[in-house]
Amino acid sequence: MDLLASIKNKIQVKEQAKTTALNHAPKPKKEKKVKVLPTAVAEGADESDRDWSWYYAMPDGVEQTKKLVDDTHEYGIIMVEREGKATGIYRANIEYIGKEVKYTQISNFTIRILYHIHRGRTAKRVVLLVNDRNREAIADSETNQLTSLQKFVDFAAMQGNFSFWGKSPDLQKVLRKLYDEEKPGFQIETLGWYRRSKFFVFANGIFDGTFRPVDKYGIVEDSKESFYIPYANPPDEYQYQNERKFWYDGKSKVSFQKWAPLFYQTFGMNGAAMMLYATACLFSSDIFAYMNRFPLMFLYGEGGSGKGTLVESLQAWWGKPQPPIKISEKANTDKAKIRKLAQYVDAMVYFNEFTSDVDISVIKTLSGFYDRFGYERASMDTKFGTETVPINSGVVIDGNFYPADDDPLLQRLIVLEMNSNERSKEQRDNYDRLMRMNEKGITTVTGELLRHREMLDKQFRAMFRNTFDSFRVFCKDVKAPDRMFSNYAVLLTCYKALAPVVPWPFNYFEMAKFLRETLRQQSSKRAVGGAVSNFWGVLEHLISTKVIADGNQFEIRDNLFYLRFSLIHPLYLEHHFRIYRKAGLNRTTLQDKLKDSDAFVESKANHRFAGNWKSVTSCMVFSLDKIGVKIEEIVSSMKYKGENEGSVPTLPYGEGQTPSQPAGHIPF
């Protein structure tokens, strides 16, 4: 009996010991809510509170840290970034009873979500991968590329030498860690003024009074939020080429006070007006919010007159000059033009080569820029909704053809005429100095102006109406619609609003006088139209190509231009079609428009031309100074060539006759 009792007693002792061991053994957590872990240390607690009886068999060369230990128990995986074979994601194999953890490598890279960017119904994540050869890849990932094992493996492999050989449960652990540690952020897709946070965005950072560059991942932080700018460091050198021109040069030391006088000396009053327009473009969203319109700039002049150089010199305010958009190219559709204007906010976009044969749809599109009419397209966020592609920037157009008088575009323009292609030595020297300065970067000039944004917005609203009224009185002898006066008043108001803080290199009265004469010319050409301007352009062509000659079809005497209109009109019709690709005006209409122009002096019934003293004929007389083309210079040049190369041919047919054309003749 004693032996039997002894055996029973031993069995009971063993059972009690086993029960005690099981009750005190650490249990694996089944839910995330269970926070009692063998190594958990409450926030603020001393390290002595940790249970140091656990053993962690860290990968070779990896030092045990609190972060790795915490990740082991929180997520069941760790990530090791270390140049060499140790880099990767490791599965934590936890033995709770033995308090031992061993690690199995499941990838040759680590992964981190830099920012989670929410965009309506869609979201994406900006992901950084670093492999065991210390190679980095930054990629945009849609949510569904991360959530399934095969898609995740494919996504990683697409970035280069990034391999994941873990299983689906491993991926879920990785994702839980990534999602817990990711930061919300905003991707900036439109460069320029970012109204939501009140700063100006360049491809390489933001300007909010001082410049804040992006880090190597394209991320910049202000005091409250984080922003991702994808244009600074694209993986493909051909990606975002134009956006990367929108670049702030933080090393530049060029000031407005140093740059502006040199620019003014180079380009004169046309340059001064363009400087004010570029300033208006920097704040165009504020100006448009007040006026509900924003004027367009048109540079009219012959080739070689410096139109493109002038625009590009000012585009340097936004970084490197953007390539101009050719109006006539079919690839540049109306929607493509609007998309270009939507890429930037408060910039200056350059359209060139405006011609007389521009399609009416293009004219309407350009006119719509004034009211900032974009276009609508289907929205991906709703089934039937639409979104608008906006117009956010100022527009400069150039061409050697004047907009037609009946174009809706003409009233929406400020037209600067650049008809001289000759430069003095001083101008050439100034230009060379200006180009050297621009090449070093002048975005610091932009920064100076941007610091006064709040001031301009407030003062523009307070000053515009008075400036408009005063300018109208100043131009009391100029007949033009209010819309045209309003366009010019925008420039003058920008001058006045910033005059207390910006050292303009020209004075206000000087600019007002220049703009009055500019408006007078534009108004005059609008009254009689581009048709008159085209007529003088055709006449200039006829003289320079020796189709007509001084003393026969026209004559210059005492600064007056005598024209045998009846002989010229048939030639005008023929060559107008060749040059402008459309029919000219009939005889009566053109004659009436010429008589309405400022250049017209009188009609004479009897006049003897030097080349034909025997006959007396009728003619129209014009003031040579007001014609708008340099006919006298061309004639002088032709006479010089005639003396050295032979006589100038006379018209081969008489008054009232139409030039004969062979069968099948195509007039261009």
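Procedures and definitions
Residues numbered from 1 in each chain as written. Predicted model: local features only at pLDDT ≥ 70, side-chain atom pairs only at ≥ 80, totals over all residues. Heavy atoms only, no water. Phe/Tyr/Trp six-rings, centres within 6.5 Å; stacked < 30°, edge-to-face > 60°. Helix = DSSP H or I, 4+ residues; strand = E, 2+ residues; numbered from the N terminus. Buried < 20%, exposed > 50% of the residue type's maximum accessible area, 1.4 Å probe, protein only. Core = buried A, V, L, I, M, F, W, Y, C linked by side-chain atoms within 4.5 Å. Axes fitted to C-alpha atoms, helices over the stretch in contact; angles between N-to-C directions. Parallel < 35°, antiparallel > 145°, perpendicular 65-115°, else oblique. Left-handed = near helix turned anticlockwise from the far one by under 90°. Contact = heavy atoms within 4.5 Å. Nonpolar A, V, L, I, M, F, W, Y, C, P; charged D, E, K, R; others polar. pLDDT = per-residue confidence, 0-100. Salt bridge = Lys/Arg side-chain N within 4 Å of Asp/Glu carboxyl O. Expected span 1.5 Å × (residues − 1). Pairing = 2+ DSSP bridges.

(A) Spatial organisation of the packing of aromatic side chains. Enumeration over the complete set of coordinates arrives at 43 aromatic pairs. Here W54 and Y96 contribute two aromatic rings whose centre-to-centre distance is 5.9 Å and whose plane-to-plane angle is 80°, an arrangement assigned as edge-to-face. With W54 in the loop between α1 (2-24) and β1 (55-57) and Y96 in the loop between β3 (88-95) and β4 (100-105), this residue pair connects regions lying 42 residues apart in the sequence. Neither W54 nor Y96 differs from the other in exposure class; each is buried. Where F351 meets F369, the ring centres are 5.7 Å apart and the plane angle is 35°; that geometry is what we call tilted.

(B) Seen up close, the nonpolar core. Grouped together as the largest cluster of nonpolar side chains are 94 residues, with contacts concentrated most on W259, M274, W317, W318, M348 and M511. The element best represented in this core is helix α6 (residues 256-282), accounting for 18 residues.

(C) Representation of the packing of helix α17 (residues 565-580) against helix α18 (residues 587-596). In contact at an axis separation of 11 Å, α17 and α18 are set at 115° when each is read in the N-to-C sense. Classified by the angle their axes make, α17 and α18 are roughly perpendicular. Two packed elements cross with a definite hand, and for α17 against α18 that hand is right-handed. Along its contact with α17, which presents F565, S566, H569 and Y572, the element α18 presents R587, L590, Q591 and L594. Here the contact of α17 with α18 is built from residues that sort into four nonpolar, three polar and one charged.

(D) Spotlight on the confidence of the model for the protein chain. Averaged over the protein chain, the pLDDT score is 81; the fraction of residues at 70 or greater is 80%. Contacts from residues 24-50, a stretch scored under 50 in pLDDT, to residues over four places away or in other chains number 33 contacts. For residues 643-668, every residue scores under 50 in pLDDT, and the model assigns this stretch 31 contacts once sequence neighbours within four places are set aside.

(E) How the structure looks around unusual backbone geometry. One non-glycine residue, K99, lies in positive phi territory at about 55°. For K99, a relative accessible area of 23% gives the class partly exposed. In the Ramachandran plot, K198 falls in the positive-phi region, its phi being about 60° despite a non-glycine side chain. Following the sequence through the fold, K198 ends up in the loop between β9 (191-194) and β10 (199-202).

(F) How the structure looks around the packing of helix α13 (residues 453-474) against helix α14 (residues 482-498). One can describe the packing of α13 onto α14 by two numbers: an axis separation of 7 Å at closest approach and a directional angle of 130°. In terms of their interaxial angle, α13 and α14 are classed as oblique. Considering the relative orientation of α13 and α14, their crossing is right-handed. Taking contact as the criterion, the partners of M455, L456, Q459, F460, M463, F464, N466, T467, F468, F471 and R472 in α13 are, on α14, D482, F485, S486, Y488, A489, V490, L492, T493, C494, K496, A497 and L498. Of the residues belonging to the contact of α13 with α14, the class tally is 15 nonpolar, five polar and three charged.

(G) The arrangement of the pattern of salt bridges in detail. Evaluation of the coordinates by the stated rule reveals 24 salt bridges. For E181, the salt bridge goes to K177, with nearest N and O atoms at 2.7 Å. Taken as a pair, E181 and K177 lie in helix α5 (residues 168-181) at a separation of four residues, close to a single helical turn. By relative accessible area, E181 is classed as partly exposed at 36%.

(H) Representation of helix α10 (residues 360-371) in the model. Over its twelve residues, α10 runs 17 Å from end to end, which matches the ideal 16 Å to within 8%, given 1.5 Å per residue. Listed as buried for α10 are V362, I363, T365, L366, S367, G368, F369 and Y370. Immediately downstream of α10, the backbone of R372 shows phi near 60°, a positive value.

(I) Representation of the sheet that holds strand β17 (residues 344-345). Spatially, β12-β11-β10-β9-β17 is the arrangement adopted by the five strands of the open sheet, whose pairing is mixed. Taken across any chain shown, the strands that pair with only one partner, and hence form the sheet edges, are β12 (211-213) and β17. Where β10 lies against strand β11 (residues 205-207), three bridges are found, and the strand directions are antiparallel. Within β11, the residue paired with F202 across the bridge is G205.

(J) Highlighting the environment of G185. Along the chain, G185 turns up in strand β8 (residues 184-187). Residues G185 and Y115 lie 70 residues apart in sequence; the distance between their C-alpha atoms is 5.4 Å. Each residue touching G185, except ones within four places of it in the same chain, is listed here: Y115, H116, I117 and S226.

(K) Fine view of the pairing of strand β2 (residues 77-80). Of the two faces of β2, the one holding I77 and M79 and the one holding I78 and V80 are both buried throughout. Where β2 meets β3, four bridges bridge the pair, whose relative direction is antiparallel. The residue bridging I77 from the neighbouring strand is R91, located in β3.

(L) Layout of the sheet that holds β4. Strand order in this open sheet of four strands is β1-β4-β3-β2, and the pairing throughout is mixed. Either end of the sheet is taken by a strand with one partner, and the two such strands are β1 and β2. Looking at each pair of strands side by side, their axes are set apart by 30° on average, direction ignored. Note: β1 against β4, three bridges, orientation parallel. Looking at the pairing, Y56 lines up with V101 of β4. Along the sheet, helix α2 (residues 66-75) makes contact with β1, β2, β3 and β4, crossing β2 at roughly 145°.

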